[in-house]
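Summary of the model geometry
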Amino acid sequence: MFSKLIIYLKIIHSMTITIVGSGRVGASVALNCGLRELDDILLLDVIEGLPQGEAMDINHQLSENGIDSRVKGSTSYEDMVNSDFVVLVAGLGRKPGMTRMDLLNKNANIVKDVSNKISKHANDATVIVVTNPLDPMTYLALKTTGFKKNNVFGMGGMLDLARFKSFIHDITGSSRKSIQAMVISEHGENMLPLIRFSSIGGIPLNEFLSNEQSQEIFERTKKVAAEVIALKGATVYAPGNAVATMIESMKKNKKQVIPVSAYLEGEYGISDLCIGVPVILGSNGIEKIIELQLNEYERKIFDLGVTSVKEGIKFMQSEIK
Ligand code: NAI
């Protein structure tokens, strides 16, 4: 009777969105999910006090906004039981001058440890990986949890896409609402902004841009995260909002087309690797991977991304089941 009561209490108190890592990006994910009223939220961290403090601060903003979702902070992984979504954003961020791949060694240990805990306490969850280097970390989380491939994927492309669209807006002056675009491949040095698959109000982007302008925004999209890190130490708001958009698409079964780091099994001629590709996100997680017909130039960059991610995976082979 008593144990049944405990289980019941756990169910009614379960938080359906858990964020592991309550640092800058984790807190931003929590705030953005809260503002969209996606569900109750649990912030977890290893630093006692940090998730609790962030939860209080965010709850106070939600109170100002008249939103009833609750945010709780904890250092106890048991609290993630029954989570529908787990956002894995624990780990070190880049310091100025570092590439994402420079974080591989340290973050692999953290991602493996957290993934084991997710499979123990929240084995029905959909896992969104954010920790860098994104594509190898997504692969590690997928292999360690043993969850289905449509339920473990990474957020990187949506952020790269937001940056790409921001440059298109700056250069053309067109409304951000009219801009459609796509960025695929590695969330790193070999990301691929796809000018050819981008448009303004349905009109191909290259009707608005000279070749030099296209090349300029292509390069700036790849480098702008490092600029932000050099200026303020981290990127925070846009990644938090991107994760909330992905969760919203799944929770509301919106089936948005979003680039995510997905496990490929033959798509794009690639197998056994996670890399950024457009997918349809619905209530079953990744519902479809969309295969684009890349031209020779695009394919070359995509293949460089594949090689880089493969090297990352090889480097942490001992961590993989
Ligand atoms: P941060 O340093 O502000 O926060 C990281 C938090 O993780 C810390 O509070 C730390 O205590 C916690 N943590 C470490 N090990 C843990 C464990 N085993 N369990 C629970 N919590 C643990 O870092 P920030 O800026 O929030 O970035 C986090 C990660 O996200 C970095 O790897 C960063 O590179 C990545 N990132 C990825 C983006 C993407 O587009 N995929 C965008 C922005 C950041």
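Residues numbered from 1 in each chain as written. Predicted model: local features only at pLDDT ≥ 70, side-chain atom pairs only at ≥ 80, totals over all residues. Heavy atoms only, no water.

1. Points about the site of the ligand
- Around the ligand sit 30 residues, and of these Val-25, Asp-45, Tyr-77, Leu-92 and Met-155 come closest.
- In this structure, an oxygen atom belonging to the ligand sits 2.6 Å away from a side-chain N or O atom of Asp-45.
- Residue Asn-132 places a side-chain N or O atom 3.0 Å away from an oxygen atom belonging to the ligand.
- Isolated, the ligand exposes 870 Å² of accessible area, and the fraction of that covered by the protein chains is 88%.
- For the shell around the ligand, the secondary-structure elements that each account for two or more residues are α2 (24–35) and α4 (104–121).
- Examining the composition of the shell around the ligand, we find that 4 residues originate from one element, α4, more than from any other. (Near = heavy atom within 4 Å. Polar contact = N/O pair within 3.5 Å; in protein donor to acceptor, adjacent residues only side chain to side chain. Areas by Shrake-Rupley, 256 points an atom, 1.4 Å probe, with all protein chains shown as cover. Helix = DSSP H or I, 4+ residues; strand = E, 2+ residues; numbered from the N terminus.)

2. Considering a positive patch on the surface
- Together, Arg-24, Lys-95, Lys-106 and Lys-232 give the surface a local cluster of positive charge.
- Positionally, Lys-106 belongs in helix α4. (Patch = residues over 30% accessible without salt bridge, like charges linked within 9 Å, V, L, I, M, F, W, Y side chains within 5 Å. Salt bridge = Lys/Arg side-chain N within 4 Å of Asp/Glu carboxyl O. Lys, Arg positive; Asp, Glu negative; His and termini not counted. Charge placed at Lys NZ, Arg CZ, Asp CG, Glu CD.)

3. Some remarks on the pairing of strand β3 (residues 71–74)
- Bridge count between strand β2 (residues 41–44) and β3: 4 bridges; the pairing is parallel. In the strand pairing of β3, Leu-42 is matched with Lys-72.
- Remark: the β2/helix α3 (residues 50–64)/β3 crossover connection has right-handed handedness. (Pairing = 2+ DSSP bridges. Right-handed = clockwise from strand over helix to strand, strands pointing away.)

4. A look at the domain arrangement of the chain
- Splitting the chain by domain gives domain 1 (13–155) and domain 2 (157–319).
- When each unit is reduced to the centre of its C-alpha atoms, the spacing between domain 1 and domain 2 is 21 Å.
- Facing the 44 residues of domain 1 at the interface are 50 residues of domain 2.
- Counting the surface lost from both domain 1 and domain 2, the interface buries some 4000 Å², and carbon and sulfur atoms represent 65% of this.
- Linking domain 1 to domain 2 there are 4 salt bridges.
- A salt bridge links Lys-143 to Asp-272; its shortest N-O distance comes to 3.3 Å.
- Linking domain 1 with domain 2 are 15 residue pairs in polar contact (both at pLDDT 80 or more), by the criterion used here.
- Listed by contribution, the elements that provide at least two residues to the side of domain 1 that touches domain 2 are α2, β4 (85–88), α4, β5 (126–129), α5 (134–145) and β6 (152–154).
- Each residue belonging to the side of domain 1 that touches domain 2 can be placed in one class, and the counts come to 21 nonpolar, 12 polar and 11 charged. (Domains from an automatic or database assignment. Contact = heavy atoms within 4.5 Å. Buried area = accessible area lost by both parts, 1.4 Å probe. Nonpolar A, V, L, I, M, F, W, Y, C, P; charged D, E, K, R; others polar.)

5. Side note on unusual backbone geometry
- The residue after Asn-132, namely Pro-133, is reached through a cis peptide bond having omega 0 degrees.
- Here Pro-133 shows up in the loop between β5 and α5.
- Of note, the phi angle at Asp-272 is positive, near 60 degrees, even though the residue is not glycine.
- Within the element layout of this structure, Asp-272 appears in strand β13 (residues 271–282).
- Classification of Asp-272 by relative accessible area gives partly exposed; the value is 35%. (Buried < 20%, exposed > 50% of the residue type's maximum accessible area, 1.4 Å probe, protein only.)

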